[in-house]
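# Structure assessment
Read off the chains here:
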Amino acid sequence: SEERSLNFLEEIIEKDLAEGTHDGRVLTRFPPEPNGYLHIGHAKSICLNFGLANKYNGKTNLRFDDTNPVTEDTEYVESIKEDVKWLGFNWSEELYTSDYFDKLYEFAVALIKKGLAYVDDSTSEEIAAQKGNPTEPGTPSPYRSRSVEENLQLFEDMRAGKFKDGEKVLRAKIDLTSPNMHMRDPIIYRIKHAHHHRTGDKWCIYPMYDFAHGQSDSIEEITHSICTLEFIPHRPLYDWCIEKLGIFPSKQYEFARLNMNYTVMSKRKLLQLVNENYVEGWDDPRMPTISGLRRRGFTPASIREFCERIGIQKRENVIDVSLLEFCIREDLNKTSWRRMAVLDPIKMVITNYPEGEVEMLEGENNPEVEGGDGSRMLPFSKELWIEREDFMENPPKKFFRLGPGLSTRLKHAYIVTCTDFVKDAEGNVTEIHCTYAPDSKSGNDTSGIAVKGTIHWVSVTHAKTAEVRLYERLFKVVNPASEEGDFKEYINPDSLQIIKKAYIEPALAEDFNPEHRFQFIRKGYFVMDKDSSPEHLVFNRTVTLKDSWAK
Ligand code: ATP
Ligand code: MG
Ligand code: MG
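Residues numbered from 1 in each chain as written. Chains lettered and ligands numbered in written order. Predicted model: local features only at pLDDT ≥ 70, side-chain atom pairs only at ≥ 80, totals over all residues.

For the protein chain, an unreviewed UniProt entry supplies the name Glutamine--tRNA ligase and the organism Solitalea longa. What UniProt records for the protein chain under Sequence similarities (unreviewed entry) is the sentence "Belongs to the class-I aminoacyl-tRNA synthetase family." As its UniProt record puts it under Subunit (unreviewed entry), the protein chain is described as follows: "Monomer." (UniProt positions renumbered as here; feature names shortened; annotations may be inferred.)

A word on the overall build of the protein chain. Per the secondary structure count, the protein chain includes 13 helices and 25 strands. Rg of the C-alpha trace for the protein chain: 31 Å, well past the compact-globule value of 24 Å for 551 residues, more than 25% over. A principal-axis box enclosing the C-alpha atoms of the protein chain has dimensions of 100 × 55 × 40 Å. Within the protein chain, buried positions represent 40% of all 551 residues. (Helix = DSSP H or I, 4+ residues; strand = E, 2+ residues; numbered from the N terminus. Rg over C-alpha atoms; globule rule 2.2 N^0.38 Å. Buried ≥ 20, exposed ≤ 12 C-beta atoms within 10 Å, placed from the backbone.)

The next point concerns the nonpolar core. Counting 87 residues, the largest nonpolar core has Ala341, Val342, Trp457 and Val458 as its most contacted members. The element that contributes the greatest number of residues to this core is helix H2 (residues 40–55), accounting for eight residues. If we ignore the near neighbours within four places in the chain, the residues touching Ala341 are Ala502, Tyr503, Ile504, Leu508, Phe520 and Lys523. Core analysis: the second largest hydrophobic core is formed by 29 residues, Ala108, Val119, Phe155 and Tyr238 among them. (Core = buried A, V, L, I, M, F, W, Y, C linked by C-beta atoms within 7 Å. Contact = placed C-beta atoms within 7 Å.)

Now for the UniProt feature "domain: Glutamyl/glutaminyl-tRNA synthetase class Ib catalytic" (unreviewed entry) in the protein chain. Following the UniProt record, one finds the feature "domain: Glutamyl/glutaminyl-tRNA synthetase class Ib catalytic" (unreviewed entry) at residues 26–333. The span residues 26–333 shows a helical share of 41% and a strand share of 13%, and its end C-alpha atoms are spaced 37 Å apart.

Here the focus is the sheet that holds strand E5 (residues 169–172). The sheet built from four strands is open, its strands ordered E4-E5-E6-E7 with antiparallel pairing. With partners counted over all chains shown, the strands left at the sheet margins are strand E4 (117–120) and strand E7 (205–207), one partner each. Averaged over all pairs of adjacent strands, the angle between strand axes in this sheet comes to 20 degrees, irrespective of strand direction. (Pairing = 2+ DSSP bridges. Axes fitted to C-alpha atoms, helices over the stretch in contact; angles between N-to-C directions.)

Another aspect to go through is the site of ligand 1. Within the structure, ligand 1 sits among 15 residues, and Pro32, Gly41, Ser45, Arg257 and Lys267 are positioned closest to it. Put simply, the parts of the chain that give the shell around ligand 1 at least two residues each are H2 and strand E8 (224–228). (Near = placed C-beta within 6 Å.)

On to the environment of Ser250, then. Within the element layout of this structure, Ser250 appears in the loop between helix H8 (235–245) and strand E9 (251–255). Spatially, the C-alpha atoms of Ser250 and Glu220 are 9.0 Å apart, while their sequence positions differ by 30 residues. Once you skip the residues sitting within four places of it in the chain, Ser250 turns out to touch Gly214, Asp217, Ser218, Ile222, Thr223, Ser225 and Ile242.

This part takes up H8. Structurally, the α-helix is built with 3.6 residues per turn, so residues lying three or four positions apart point the same way. Here H8 has its buried residues at Leu237, Tyr238 and Cys241. On an axial view of H8, the arc spanned by its buried residues comes to 110 degrees, and they lie on one face. Tucked into the core, H8 has its buried residues touching helix H7 (209–220) and E9. Gly246, located one to two residues past H8, shows a positive phi value of around 65 degrees. (Arc of directions from axis to C-beta.)

At their nearest, the axes of H2 and helix H11 (residues 300–310) sit 9 Å apart, and the two run at 80 degrees to each other. As judged from the angle between their axes, H2 and H11 are roughly perpendicular. Counting all contacts with H2, which are made through Ala43, Lys44 and Cys47, the residues of H11 involved are Ile303, Arg304, Cys307 and Ile310. Each residue belonging to the contact of H2 with H11 can be placed in one class, and the counts come to five nonpolar, no polar and two charged. (Parallel < 35°, antiparallel > 145°, perpendicular 65-115°, else oblique. Nonpolar A, V, L, I, M, F, W, Y, C, P; charged D, E, K, R; others polar.)

This part takes up the environment of Glu325. Among the structural elements, Glu325 can be located in helix H12 (residues 321–335). Between the C-alpha atom of Glu325 and that of Lys131, which follows or precedes it by 194 residues, the distance is 47 Å. In contact with Glu325, other than residues within four places in its own chain, are Val543 and Asp547.

It is worth spelling out the environment of His412 at this point. Take His412: it is sitting in the loop between strand E16 (407–410) and strand E17 (415–423). Between the C-alpha atom of His412 and that of Phe380, which follows or precedes it by 32 residues, the distance is 9.8 Å. The residues touching His412, leaving out its near neighbours within four places in the chain, are Leu361, Gly363, Leu378 and Ser442.

Next comes the structure, spelled out in structure tokens:
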């Protein structure tokens, strides 16, 4: 995209490079916790971390931040790797915080030896009470003055499994008067008798985020550790640990997370939607997950473009989901082949077209591409399916489609004029009769008839069928997480409409290729769903052609 000014992280890196900090090396990391699938917010972080490394000739590590055995799983590890690759990024090393458990344990022992950490028998409630509130100093735990020897022994006993969950913790000994609550003797290790997806039952004590993250950065010699704004108050602790341990000085920087309207983006909430069957799974096309967006038909380029457009800020903001939709429309407009599909069919009979005759008409694949990007052949015959909404019995002025006496063009074919229609006993229109002008063929029109509308169609005898899934936003309110009560009460009941039998042009069925993306002329952009088989095609609507949500 076009030139833009540097964001604040680029400015920091350029300054570091100019000053020769870290010998001109740039190493970032993307550190997901494998407790869920990645979402569009993670994409922002991925594009940022990998993007900075790409721009400054650096590298990015993929580090699984797997310090909480209870919520983590290898299924998530695999999906995260797939999603990062799909977005178009290659990591330098695949690493796991759990691989550093021995090292982190040594770091904790080192702090104890320096008199900077102690084993505390207080309960979590007692610890919270000791910490107090920011306006007055906290009170020391009765265990704060334990000797180094006693602490070393107790910490070893914690590791050896001699205590139950919650019976003891290891706390850093920092400053109970600090206005920053994170510095008031934070817990750095806890007991958790739980099976870990990688280390199995080797450990029953696990480091807390604040003790694991910075040290992992340091072990890897990360130069720029980028996280979201909530971690600003954690930074003094990040720096304190690195300083006291005398290890590689990684630095933490913070940017505003992506918030987007009409969705939720916390993994905990997304997990609820999956577990409670509000959606089909993590990759349901209505989910804001990368896998959901992929299945919905988004391209990696459109997501990267979205992340580029939203930019990097230091203040919280909310991005309108229509920007994401705009990015995929822009991309697919340039790249996707046009095809005809009739979603709500009604039969049209061309009364003056010879019975049994079939003409093969040519239609370019994509008018946005020089030369049309090739073409496909469209069988045309006496009976066609057209869209029910393209006919009106009593059309208003400026209705340029079909109604008694009205003419319109059939895409890539002829101009037709409606002469008659048929109704059933209930008064529903069941068939439309037209005549066509034989000298009005597209590309060779000598009829002199001027029409303003063009409609799509599919030949009845040649049509193939498909299931079509129309998706709308999953939530009917701007910010479901901030509404009163449970966010799931705000799910849009019409977020999925399934059309069991749409008629599609034969070319759509000929080249069977899940994840193939198309524009269904006048209907939007669609992608073949993974549920498809050559016998049963399924298409998902990625997005409508225009922003139809706007009131
Ligand atoms: P969640 O709240 O969804 O559980 P998380 O921050 O706990 O998110 P992680 O797996 O720890 O999830 O996130 C990995 C990285 O992605 C972190 O560096 C985090 O800052 C970043 N990240 C997560 N959510 C967003 C977001 N909405 N916008 C930008 N970056 C994000
Ligand atoms: Mg996290
Ligand atoms: Mg989380």
